[in-house]
Amino acid sequence: MNIRSLTRGDGVLIGAAVVLFIASFLGISGCDATEAICDQIENPNSWEISYLGWGSFFLGFAGAALVVFSRSLPEQRKVAGLELGQVGAAFTIASAWTLLMWVFESSNAGAGLVLGLIAALVLAGAVVAGPLVPALKAPLVGAPKPQTPQPYGMQPGQPGPQGVPGGYGYPGAQHPQYGGPQDPSQGAGQPFGAQAAAPQAPQQPEPQAQAQAQTPQAQPAGDFTPFWFAVPVARPLYAEDGSQAPIAELAPGTWYLAVEQRGATLVAQTQDGRRGVLQDTTGIQRG
């Protein structure tokens, strides 16, 4: 599971599940007598009463796990026609309801029941409100500053793909052009891919070649120029045939190559060479 794909709502779910787990080991009954008498009375926890432990507390654990797991999947899986997240939400609500009944029917509820009820209510509330409240939909961990990778499938010293800015390590890097004046501080002064040759007397480049090298070629207006980008949160990459089945997931902290623009969407290429459509382009960081 990619921790950067978790939201604040998922963090609340995990925290409430931990509190619910701790409460399951606390006593379920209170004692209003003296301390000497209370020490002699056995105070069981929820696991010693199996239908309470498995029927209430365990439902909460399982529901939280199913909800968090379903949100981390690129494609939702179904059980008996229901998505895993829906099954998990039903489990958390059932856990909160049964614990509420236990507290109402208990003449003297102990710390285990009271704390368990609070945790179960928070759990069920986070499941229901998580997809609705903007504060809970925010990423749990902010996206890191993307590193500067080397273009996919290239070795140092090779030019980048046609139309892609930069050709060594990071998009936008400047390199001497073939046939143009070379900078001795950047190496041997040879074009990319040239074989090492015996030392020769320095030659002055022809004025015509130098002018052509220094004059940038004009690109037709409206042409799309491939660029590098990073996503702020994990986002699915869909197939180019228009189907809604994700083929990959773009993770924050990694540069991806945009090779084509289709309206408000981008055709992106992953590190292993797969291409797909990124439908949600809001907040992307261009390289």
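These figures come from a predicted structure and were not determined experimentally.

1. Section: the overall build of the protein chain
Here's step 1: Each helix and strand counted, the protein chain has 7 helices and 9 strands in total.
Here's step 2: Nonlocal contacts in the protein chain, meaning residues at least 24 apart in sequence, comprise 61% of its contacts between residues at least 6 apart.
Here's step 3: In the form shown here, the protein chain has an accessible surface area of approximately 17,100 Å², with 57% of it arising from carbon and sulfur atoms.

2. A word on the packing of helix H3 (residues 50–71) against helix H4 (residues 84–105)
Here's step 1: Across the interface, H3 lies against H4 with an axial gap of 7 Å and an inter-helix angle of 150 degrees. As far as their axial angle goes, H4 and H3 are roughly antiparallel. In terms of crossing hand, the pair formed by H3 and H4 is left-handed.

3. Digging into the confidence of the model for the protein chain
Here's step 1: Of all residues in the protein chain, 68% have pLDDT values of 70 or greater, and the mean over the chain is 74.
Here's step 2: No element of the protein chain has a lower mean pLDDT than helix H7 (residues 207–214), which averages 47, and none a higher one than helix H5 (residues 111–129), which averages 91.
Here's step 3: Segment residues 172–182 is flagged for pLDDT under 50; beyond a separation of four residues in sequence, or across chains, it makes 21 contacts in the model.

4. Considering a nonpolar patch on the surface
Here's step 1: Taken together, the side chains of Ile 14, Val 18, Phe 21, Ile 22 and Phe 25 present a nonpolar region at the surface, about 460 Å² in accessible area.
Here's step 2: Considering the arrangement of structural elements, one finds Phe 25 in the loop between helix H1 (8–23) and helix H2 (35–40).

5. Remarks on the pairing of strand S6 (residues 256–262)
Here's step 1: Sheet topology note: the strand S3 (residues 227–230)/S6 ladder contains 3 bridges and is antiparallel. Note that in S6 the partner of Trp 228 across the bridge is Leu 257.
Here's step 2: Looking at chain direction, S6 and strand S7 (residues 265–269) are connected through 5 bridges and run antiparallel. If you follow Leu 257 over to S7, its bridge partner there is Gln 269.
Here's step 3: Here S6 folds back onto S7, and the loop between the two strands holds 2 residues, one of which, Gly 263, carries a positive phi near 65 degrees.

6. Comments concerning the pairing of S3
Here's step 1: Residues Phe 227 and Phe 229 of S3 are buried on one face, and the alternating residues Trp 228 and Ala 230, pointing to the opposite face, are buried as well.
Here's step 2: With 2 bridges connecting them, S3 and strand S9 (residues 285–286) associate as antiparallel partners. Opposite Phe 229, over in S9, you have Arg 286 as the bridge partner.

Rules used in this analysis
Residues numbered from 1 in each chain as written. Predicted model: local features only at pLDDT ≥ 70, side-chain atom pairs only at ≥ 80, totals over all residues. Heavy atoms only, no water. Helix = DSSP H or I, 4+ residues; strand = E, 2+ residues; numbered from the N terminus. Contact = heavy atoms within 4.5 Å. Areas by Shrake-Rupley, 256 points an atom, 1.4 Å probe, with all protein chains shown as cover. Axes fitted to C-alpha atoms, helices over the stretch in contact; angles between N-to-C directions. Parallel < 35°, antiparallel > 145°, perpendicular 65-115°, else oblique. Left-handed = near helix turned anticlockwise from the far one by under 90°. pLDDT = per-residue confidence, 0-100. Patch = residues over 30% accessible without salt bridge, like charges linked within 9 Å, V, L, I, M, F, W, Y side chains within 5 Å. Salt bridge = Lys/Arg side-chain N within 4 Å of Asp/Glu carboxyl O. Pairing = 2+ DSSP bridges. Buried < 20%, exposed > 50% of the residue type's maximum accessible area, 1.4 Å probe, protein only.

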